[in-house]
Each structure stands twice: as structure tokens, then as C-alpha cells.
Amino acid sequence: MSEHTHKLKPADDPSFQLPASLAALAVPLGIGGAALLLVGILLGLFVLSDGDVGGKRFTMSAYLTGFMYCFTISLGCLFFVLIQHLCRAGWSVVVRRVAEMMMIAIPALGLLFIPVLVTAWSDSGTLYPWSNPGYADAHGVPAGVWAEKLRYLSSDWFTVRSVVYLVLLSAIAIYYFQLSRRQDETGEITLTERMQARSGPAVIAFSLITSFAAFDWLMSLAPMWFSTMFGVYIFAGSVLTAHAAIAVGVYLLQSRGAIRDEVTVEHYHDLGKLLFGFVTFWTYIAFSQFVLIWYGNIPEETHWYYTRLLGSWGPVSYLLIFFHWLFPFLGLLSRHIRRKPALVFAWSVYLLLVHFVDLAWIVMPEASTNFGGAVGVATALLVTLGMVGLYVGGILWFMRAKQVRVLPVRDPRLPESLAFENI
Amino acid sequence: MTDTQEKKLHGVYAEFDAVDTLLAACRRVRDAGYTRTDAYTPFPVHGIEKALGIRPTALPWIVLGCGLTGSAIGICMQVWMNGINYPYIISGKPFYSIPAFIPVTFELTILLSAFGAFFGMLALNRLPKFSNPVFTSPRFDRATDDKFFLYIDASDPRFDHNGVTRLLGDIGGTEIQDVYEDNSSTRVPTAIKVAFGVLAFLAIVPLLAVARMRVTNSPNPRFHVFYDMDFSPAKGPQTTSTLFADGRAMRPDVPGTVAVGQFDEDPNFYTGVDLDELARRDQTRAVHLVRTMQVPEAEAAPASGDQPAAETPWLAKNPRPVSLALLERGRMQFEIYCATCHGNDGRGRGLVTARAQQILSSAWVQPSSLHQETLYQDVYPDGKLFSVISNGIRKMGGYGSQISVRDRWAVVAYVRALQLSQNAALEDLPVNRRNDLSRRKAEVEQQLAEQAEAERRRAEEAAGTTTAPAAEEAAPAPAETPAEAAAPAPVTPEQPAATEPAPAPATEAAPAEPAPAADAEMEAAATPAAEPAPATEPAPATEPAPATEPEPATEPAPAAEPAPAPASEPEPTPSPEPAPATEPAPEPAPATEPEPAAEPEPEPAPATEPQPETEPASEPEADAEPAEEPAAAS
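Below is a summary of the structure that appears in this document. All values derive from a computational prediction rather than experimental measurement. (Residues numbered from 1 in each chain as written. Chains lettered and ligands numbered in written order. Predicted model: local features only at pLDDT ≥ 70, side-chain atom pairs only at ≥ 80, totals over all residues. Heavy atoms only, no water.)

**Looking at the overall build of chain B**
Each helix and strand counted, chain B has 28 helices and 6 strands in total. Each of the 634 residues in chain B was classed as buried or not, and the buried ones make up 32%. By sequence separation, contacts in chain B at least 24 residues apart represent 68% of the contacts at least 6 residues apart. Taken as a whole, chain B presents about 38700 Å² of accessible surface, with 60% of it coming from carbon and sulfur. (Helix = DSSP H or I, 4+ residues; strand = E, 2+ residues; numbered from the N terminus. Buried < 20%, exposed > 50% of the residue type's maximum accessible area, 1.4 Å probe, protein only. Contact = heavy atoms within 4.5 Å. Areas by Shrake-Rupley, 256 points an atom, 1.4 Å probe, with all protein chains shown as cover.)

Below you can see the structure in the form of C-alpha cells.
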């Protein structure tokens with residue numbers, strides 16, 4: 001069809017396997033990550049803490065930040081897979097397996113959520129203030145209002161919802177992963193048709209779960225605050241990060257010798273366009289959420305921004321404007337940049353870093369009006385780093401153990417994806 | 001095809017069966033150095049631009065430029081409108097409030113970007129284009145069906161008919177055809193012309209309908225397309241609202257708050273009272289006064305009884321430095337808030353007063369003249385005047401919620417200037433103004449003397465030679481001519497009284513600018529000008545004596561507003577007709593009889609008179625001007 005004719009390599013081509021150099025990282029990354037996570041938690045609990053709830057809450061908030069960091073990546077990857085099936089997209093087949101690799105981490109992440117569930121049952125409001133029975137009195141919330149709140153924000157109902165979210169998301173992820181893998185062997189077109197047919201309902205379920213999980217897990221950190229847009233905000237950051245993670249994953253795989261002929265500049269260009277689009281979308285949503293509250297200026301709503309715009313979190317808010325929007329916006333604006341894989345990779349790494357700041361900015365101010373000092377920053381960084389190490393190591397270990405290929409080698413749209421050109 | 005030889009060659013195209021052969025051919029043509037080429041395919045072909053060697057489009061730069069322009073317009077427009085040109089507090093946000101500016105900026109960016117993309121694309125493609133010579137070839141129709149075409153334009157610098165034909169054949173073109181300039185008629189088909197004509201006509205119809213509605217009356221109520229835009233649910237001033245417990249739609253200032261930009265640390269500035277001194281004399285009152293500034297008046301416990309223990313130590317001097325700008329500001333505020341009752345000259349004869357007298361309102365108490373000696377600065381401190389403006393006195397309401405603190409002090413300064421204007425000597429004027437004024441004064445005196453002379457002569461003639469009509473004709477003549485020369489014409493009839501009111505405007509208008517007034521002087525003189533005229537008549541109106549004379553002539557002029565009827569009526573002096581009849585009647589009993597005096601009465605009376613209406617109709621217009629002018633001139 002075009003200048004360079006793409007020859008479809010055989011399915012057992014070595015370049016479709018996880019590169020050995022990456023596979024070897026699985027165990028060190030996993031163990032190192034677990035160790036860092038432990039160190040971070042201990043640091044938070046014993047060095048930072050003076051025995052009160054503050055230290056514990058800070059540590060748990062750091063843990064939640066790290067968890068949500070990995071979870072939002074997987075969540076965005078799940079969305080990526082679903083939406084590609086929903087649109088019957090051809091271009092994305094060569095990068096889809098990378099998304100599927102991160103998507104399949106959701107069941108494992110469900111296990112890492114257990115500590116959060118446990119703290120939700122603690123009476124002291126270790127992580128979620130609503131689990132503290134004295135919250136209403138301490139904050140002057142009228143008893144009637146608080147009673148209504150508690151009908152939703154109760155430990156058992158929270159647990160039920162969380163389990164439902166995780167089980168449903170895991171089910172969708174496993175279903176799509178298994179079908180995609182089975183197609184690697186059989187090449188049945190009906191599998192693609194089935195995945196396409198179920199992607200519509202799956203996306204609906206996904207959107208509801210994402211929104212409510214964001215409400216429950218993050219927004220309820222400030223129980224009296226509400227923003228109906230909050231779910232979309234988390235979704236925007238999540239999908240943005242997922243695309244960045246996919247680009248990083250593909251680039252790393254290629255740099256180790258895998259799928260070098262399959263993923264071309266054109267695919268990076270598309271990923272770059274999506275990154276650019278979601279940078280803008282995130283900003284649009286973030287600003288929309290902010291401007292309504294800012295304009296309305298109602299104390300019940302503004303207090304969330306109050307703690308983030310004034311005091312020591314203020315600079316972070318302004319940094320987000322520049323680092324989460326302006327710089328990547330300008331940096332990804334030109335197609336010449338988006339058509340250079342190394343630059344797309346660099347911007348993706350950058351966006352992955354900034355996403356951590358965004359999440360920390362959402363979670364941490366509820367635990368500490370400052371950063372918790374140097375120890376606090378170290379705690380948050382170590383916990384998230386450890387979580388990421390565990391996450392990546394786990395994925396690599398799983399890929400190696402299951403001998404998962406890094407490309408859906410028998411996908412019926414693979415030739416279309418290989419021949420894809422933007423212009 | 002015999003006549004094709006005469007036609008000009010436009011280009012050559014070749015037909016291909018498959019997209020791959022087309023792409024290969026495109027590359028060959030590109031490599032052969034042809035640049036004015038084009039390919040036609042039934043569907044978009046990826047990579048064909050590269051194969052044809054088409055350079056990347058400049059469209060992104062156009063869009064970027066348009067987008068940046070939109071952003072700049074959006075930001076600058078809002079900064080200018082809300083921050084500079086018309087600073088207006090919206091929702092308690094600052095004038096320059098970037099978050100509030102972003103939505104509009106964003107929308108304008110998108111709008112202009114979209115325009116740039118759409119119109120830029122059209123322009124770069126040289127669209128719209130109604131026809132293309134390749135359409136003349138019947139085979140070319142299959143470009144939208146199942147064939148692929150490669151076209152080389154004759155204007156290409158390397159174009160050579162035989163060479164191109166051979167090249168296209170070599171690279172696999174199955175059918176090679178020449179394309180000639182389209183020589184068919186360019187005349188617009190009649191049907192299209194007619195259609196355009198009809199459309200144009202139909203487009204005019206709504207405009208005609210609107211135009212017709214503009215000039216016709218209808219008993220039906222107006223049709224409101226956007227009802228809630230025509231009738232905003234917003235509450236007007238002085239209306240009620242169920243939204244608030246006190247039922248007032250207008251919200252008073254929140255106790256203890258100061259409007260943006262008006263905060264001043266000094267409580268004296270807000271009260272007009274020297275609080276330190278007051279605290280020394282009467283501690284409780286001082287505390288009370290400060291508290292009323294901070295809590296609602298109802299909550300602040302009343303001070304010790306009604307009688308103040310000691311005299312209030314008002315600020316004797318205006319705390320704001322007096323400058324011309326301050327006086328101008330004060331004059332503006334005075335004319336907005338005070339002059340309607342107190343009059344522009346401060347004599348207590350504003351429009352409301354005039355109206356109240358016109359309708360013989362019994363409830364109206366004439367506002368104080370600001371020119372009483374008891375209100376002068378030496379006996380009435382500035383702080384007390386400020387307090388009266390802020391809180392009201394007797395029947396006058398407080399203007400504290402309407403005039404800002406700083407402006408109230410400006411009004412105080414202006415009132416002082418007004419008072420001075422009534423007592424200024426010629427020496428108070430700047431030297432360069434004195435001569436001018438002396439000259440004008442001399443002119444006025446001379447005219448007065450002439451008129452007195454004329455009057456005297458007329459009286460003599462009337463008494464002596466008894467040629468009455470002639471005298472009567474002669475009399476108005478001298479009165480008119482000076483009027484046109486911007487002389488104080490209306491003064492004539494009031495000669496006996498002239499000694500009193502005539503100089504009044506003179507002194508009033510001129511020294512109204514005691515400060516080193518530059519050009520503000522003429523304005524200052526012009527504005528009080530409307531006053532002196534009314535100032536003269538209400539006074540005589542109460543006295544029955546001058547009513548016999550044609551004096552009311554000057555009276556209607558100040559009414560300025562509706563009352564054209566009375567204006568026409570007295571001026572012609574057509575003998576004691578209805579005018580004196582209606583006027584003196586209500587006079588004796590203005591206070592006792594409020595009812596029958598209602599406004600409609602005086603108006604219909606003159607209206608029925610045909611005589612004054614027809615003839616003098618032109619005259620009053622000419623008179624209305626002199627009525628205002630003489631004051632300005634003097």
C-alpha cells in the first residue's frame with residue numbers, strides 16, 4: 001500500500017517476546033519496591049509520627065497517593081483498551097498489548113487496596129475523617145446533615161462499594177486480557193467481534209465506577225466537600241497518564257529490541273496527539289471545576305481550594321498550572337515534536353512525574369497543611385516509588401511467567417495498524 | 001473534437017486502475033521534477049502528499065496565529081472593559097480577575113482558530129471554485145467511482161506536451177488525455193439569476209415587515225421573543241422582595257463593612273466628628289458612635305438619653321485637601337443627588353420643589369437654602385454638614401448609602417464653594433477675570449438703563465399722545481432685539497423688581513468659581529444659569545402684587561420639562577386672558593387647598609385656547625432660549 005511494505009512476522013518471532021533484559025528486572029524491581037514501600041511507611045509512622053493520628057494519617061495518605069498513582073495508570077489503560085475496541089480502531093493494535101499489560105494489574109492492585117479498607121474501619125478516622133465519630137462535633141457540622149452524610153459514608157457501605165468497583169474492573173480487565181491472549185494463539189476474528197460487542201456496556205460500567213471510586217476514595221477525604229466533576233477530573237488525569245505510560249512502555253520495549261519494526265513514528269505521533277489532547281482536557285476539567293467553585297464562592301465548596309491555594313500548598317497549585325498544562329501544552333503543540341519518538345518518550349516521562357504531583361495535591365493537603373517537612377516529602381516519595389516498583393515488577397513478573405507476547409500477533413487489524421500512516 | 005486545436009491546453013491527465021500504481025506514478029512524476037501536479041482518487045489515500053511532493057501546509061501556522069489573536073483579544077477586551085474603561089465589581093471579584101476572564105478568552109481562541117482553520121483551508125485551496133477544466137472530460141467522472149487520475153498542469157515550468165504524454169504512458173497510465181481550457185459560456189443561467197432575485201426579494205420581506213411595524217400602531221401588546229430578557233426578574237430600586245426577612249430588595253451595607261476602595265483607617269473621616277475630642281467630652285457617645293459603624297444600628301444600644309451631654313466636636317475643616325478636581329467631583333455629586341431638591345444654586349428651589357409648587361403639594365417642605373448665614377462654615381462646621389449628608393436631617397433622608405464617604409466630603413467642599421459664590425467680592429476673582437466681569441456688568445447696567453429709558457418714554461407717550469397701538473408695538477421691539485443679542489431680555493418686564501433679582505445671577509454665576517478656575521468657569525456659570533430664572537418667579541408667585549404684570553413670562557421657562565402650555569400662554573401678553581385667571585386663583589390658598597390644585601388643571605385651560613397656540617407658537621421657542629441665556633451672559 002505504501003512505500004515500505006510491512007511483512008507480518010511469524011507469531012513466534014523473538015521480537016514479540018518480552019526482552020530478557022526487562023524480564024530480569026522483575027524480581028529486583030518488585031523486591032526493591034516492596035522494600036522502599038516499607039521504609040517509607042516506617043519512616044512516616046515512626047519518624048514523622050509523634051503517636052497521634054496526624055502521623056498515621058499522613059502515612060496512610062501517602063500510601064493512598066501511591067496506590068492511586070498506579071491504579072489510575074491501570075484504569076486509564078483499561079479505558080484505552082475499551083475505547084479502541086469500541087471505535088474498532090486499527091492504528092492502535094501494535095501498542096494495545098502494552099496497555100493490556102498494565103490493565104491486567106488491576107486485580108493485583110485490589111490486594112494493595114486492603115490497607116485502605118482496613119483504615120476505613122478504624123474509629124479514629126486514620127485516613128477518612130468520616131470514620132471518626134467525633135468529626136461532626138469537631139467541625140461544627142449540624143447533626144442532621146451529618147446523619148445524612150453517614151448514610152453514604154459508612155465503613156461497611158464503603159467497603160461494599162469498593163469491593164464492587166474492584167471486582168467489576170478486574171472482571172472487565174481479565175476478560176479483555178484473556179480474549180486478547182487467546183487470539184494470539186488462535187487468531188479467531190470472532191474474539192475481536194465479542195470484545196467489540198461488549199466494549200459498549202463495559203465503557204458505561206467503567207465510567208460509573210471511575211466516577212464513584214473517585215468520589216469514595218479521594219473526594220471523601222474531605223467529607224463535607226463535593227464536586228460533581230471530581231470523577232471526570234480523576235478520569236482526565238488517569239487517561240492522560242495511561243497514554244504517557246503506554247508511550248514509555250513501548251519506547252522501553254523498542255529500546256530493548258522488541259517490536260522495533262511494528263511501532264513506527266506514526267504510532268508515536270498518534271500517542272503524542274492523544275497526550276496533547278488529554279493535557280488540554282485535564283486542564284479544561286480542572287479549570288472548570290475550579291472556576292465554578294471560585295465564582296460561586298460558597299464556603300462549603302471553597303474550603304477544599306482554600307487549603308490548596310493558600311498556605312504552603314499554594315505554590316503547588318500554581319506550579320500545576322504551568323507544569324501540568326502550559327509546558328506540556330506548548331511542548332506537544334508541534335507535530336515535529338510529536339513525530340520524534342524520543343521526544344514523545346521524554347514528555348511522557350515528564351507527564352508521569354507531574355501526575356504524581358497532581359495526585360499528591362489532591363490527597364495530601366487533607367492530611368497536612370504543610371508537606372510534613374522533609375520527612376513528610378521523603379515518606380510520600382518513598383511510598384509512591386516503592387508502589388511503582390512493586391507495580392512494574394509485578395507486571396514484568398506476570399508477563400515473564402505467562403510468556404505473554406508484547407504484541408497481539410494475530411489480531412485481524414494488525415496489518416492495518418502496521419501500515420498506518422497519519423497523513 | 002475538431003475545434004480542440006484552437007483551445008488552449010490546460011494539462012494532461014492519465015488514468016490508473018489501482019492506488020498502488022497511482023502512488024508509484026506520483027513518485028515518478030515527482031522525481032521527474034514536476035510540481036504543478038494533482039491526483040484525484042475516489043477515497044483519501046494516505047501518503048499521497050509525500051508521493052506527489054506536496055510541501056506541508058502552512059495552515060497550522062495560520063491557525064496558531066488566529067488562536068493567539070483570539071486569546072489576546074479576549075484578554076485585552078476584558079481587561080479594558082472591566083478593568084479600565086468601566087470598572088465594575090461583579091460577584092465581588094477584583095476588576096482584573098484572570099479566572100473570570102479565562103472562559104471568554106478560551107472561547108475566542110477557539111472561535112478564531114476555527115475560523116482560521118476553515119477559511120484558511122478554503123483560501124489555501126483557492127476555494128470555492130465553481131468549475132475545473134478536468135470536469136470537461138467525460139472519463140474523469142470515474143474519479144469519484146473506481147478510477148485514479150494523475151494530472152500535470154500545463155503551467156508547470158517543465159511542462160512539455162509530448163514529454164509529459166510519454167512519461168505518463170511509461171509509468172502505467174492506461175488512458176492519457178489532454179485537458180483544454182473550458183470555453184463554455186460563463187453566462188449565469190437565467191434560472192439561477194431568477195432564484196437569486198427571488199431570494200433577495202424574500203430577504204427584504206422581513207426587513208420591510210419590521211420597517212412597517214416601526215411606523216404603525218397596534219392595540220395588541222408587544223410580542224416578546226425573549227420575555228425574560230425584556231422583563232428581567234432582577235429587582236429594581238425601592239421594591240420589595242420575599243427573599244429577605246425584612247422584605248427589602250435593596251440591601252443595606254453589611255454592618256462593619258466598607259465598600260471596596262473606600263477603606264480609610266480614620267474614623268473621623270467616616271463620622272465627621274473629632275472622636276478623640278468627643279471621647280474626652282462624652283465617653284458613652286463616642287463609644288456608641290463607633291459601635292454604630294460596626295454593628296447594625298438597632299443592635300447598638302442607644303446612648304445616654306436623647307440629650308447629648310456635651311456639644312459634638314464636629315470636624316471644623318474638610319479632611320480632604322480642596323482642589324479644583326475635588327470641587328468638580330463635588331459639583332457632579334451635588335448635581336446628581338442634591339440639586340433636584342436644593343437646586344443647582346443651593347437655594348432650595350430644585351426641580352422637585354418647583355414641581356411640588358406646581359401641583360401645590362401640601363406635604364412638601366421646601367428644602368433649606370444653603371445660603372443661610374447659619375449654615376456658613378464659621379457656625380456650621382464641615383463635619384456637621386458631612387453628618388447631615390450622611391444621615392439626613394429633619395425631612396431630608398441620609399445619603400450615606402448612596403454617596404461614598406470621599407464623595408460626601410467633596411460635596412461638602414462644593415457646598416462651601418457655592419456659599420462663597422454668593423458672598424464674593426470682585427476682589428476675590430483672579431485678576432484676569434475681573435476686567436471681563438466688570439465689562440459685562442457695565443454692559444448689563446447700560447442695557448438696563450436703556451430699557452428704563454424706553455419704558456419711561458413709552459409711559460410718557462401713552463400718557464401724552466394716546467397712540468396706544470403704536471406704543472404697544474414699539475414696546476416689544478426693544479425687548480426682542482437685546483434678547484437676540486444674548487442680553488437679559490426677560491428682565492424688561494420686571495423692571496421694578498429688576499434691582500433685586502437681576503444682580504443676583506450676576507454675582508452668583510461669576511464667582512461660582514472662587515478657586516483659580518480656568519475654563520470650568522463658563523460651565524459653572526452655565527449650570528446655575530437655569531436656576532436664577534426660577535429663583536425669580538416662585539418668589540413673586542407668592543406675592544399677589546406683581547401678578548398683575550406680565551411677569552409670569554419668565555416663570556414657565558424654568559419648568560423646562562413638560563409644561564409647554566403655560567410657556568406659550570403668558571408670553572404673548574394677549575391681554576389678561578386665561579393666564580392670569582388661572583394663576584392667581586390658586587395662589588392665595590396654596591397650603592390649605594391641596595386637592596383641586598392637581599396638575600391637569602392648569603394645562604388643559606391654555607390648551608383650549610386656539611389663539612396662543614397658533615400664533616405665539618414660534619415665539620416661545622425663541623423666548624425659551626433667552627430665558628436661560630441672560631443669566632449665563634451676565
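**As for the interface of chain B and chain A**
Contacts between chain B and chain A engage 17 residues on the former and 14 residues on the latter. Together, the buried faces of chain B and chain A total about 1400 Å²; carbon and sulfur atoms form 64% of this surface. When the buried surface of chain B facing chain A is broken down by residue, H46, K93 and P99 of chain B rank first, second and third, together holding 35% of it. For the pair chain B and chain A, the interface holds 0 salt bridges. (Buried area = accessible area lost by both parts, 1.4 Å probe. Salt bridge = Lys/Arg side-chain N within 4 Å of Asp/Glu carboxyl O.)

**Description of the environment of T21 of chain B**
Residue and element names in this part refer to chain B. On the secondary structure map, T21 appears in helix α1 (residues 19–31). Between the C-alpha atom of T21 and that of I171, which follows or precedes it by 150 residues, the distance is 8.2 Å. Within the structure, the side chain of T21 is placed 2.7 Å from the backbone oxygen of A18, a separation counted as a polar contact. (Polar contact = N/O pair within 3.5 Å; in protein donor to acceptor, adjacent residues only side chain to side chain.)

**Observations concerning the sheet that holds strand β3 (residues 148–153) of chain B**
In a beta sheet, neighbouring strands are held together by backbone hydrogen bonds and run either parallel or antiparallel to one another. All names here are of chain B. Sheet architecture is open: 4 strands sit in the order β2-β3-β1-β4, paired in antiparallel fashion. Either end of the sheet is taken by a strand with one partner, and the two such strands are β2 (37–40) and β4 (176–180). In this sheet, neighbouring strand axes are inclined to one another by 25° on average, regardless of whether the strands run parallel or antiparallel. α1 rests against β1 (9–16), β2 and β3 of the sheet, and its axis sits at about 15° to β3. In this fold helix α5 (residues 161–170) packs onto β1, β3 and β4, with an angle of close to 10° to the strand it touches most, β1. (Pairing = 2+ DSSP bridges. Axes fitted to C-alpha atoms, helices over the stretch in contact; angles between N-to-C directions.)

**Notes on helix α4 (residues 98–124) of chain B**
Compared with the 39 Å implied by 1.5 Å per residue over 27 residues, the 36 Å span of α4 of chain B between its first and last C-alpha is a close match. Turning to α4 of chain B, its buried residues number three or more, namely P99, F101, T105, L108, T109, S113, G116 and G120 of chain B. Where α4 of chain B is buried, its residues meet α12 (265–296) of chain A together with α3 (59–85) of chain B. Looking one or two places after α4 of chain B, you find R126 of chain B, whose phi comes out positive at around 55°. (Expected span 1.5 Å × (residues − 1).)

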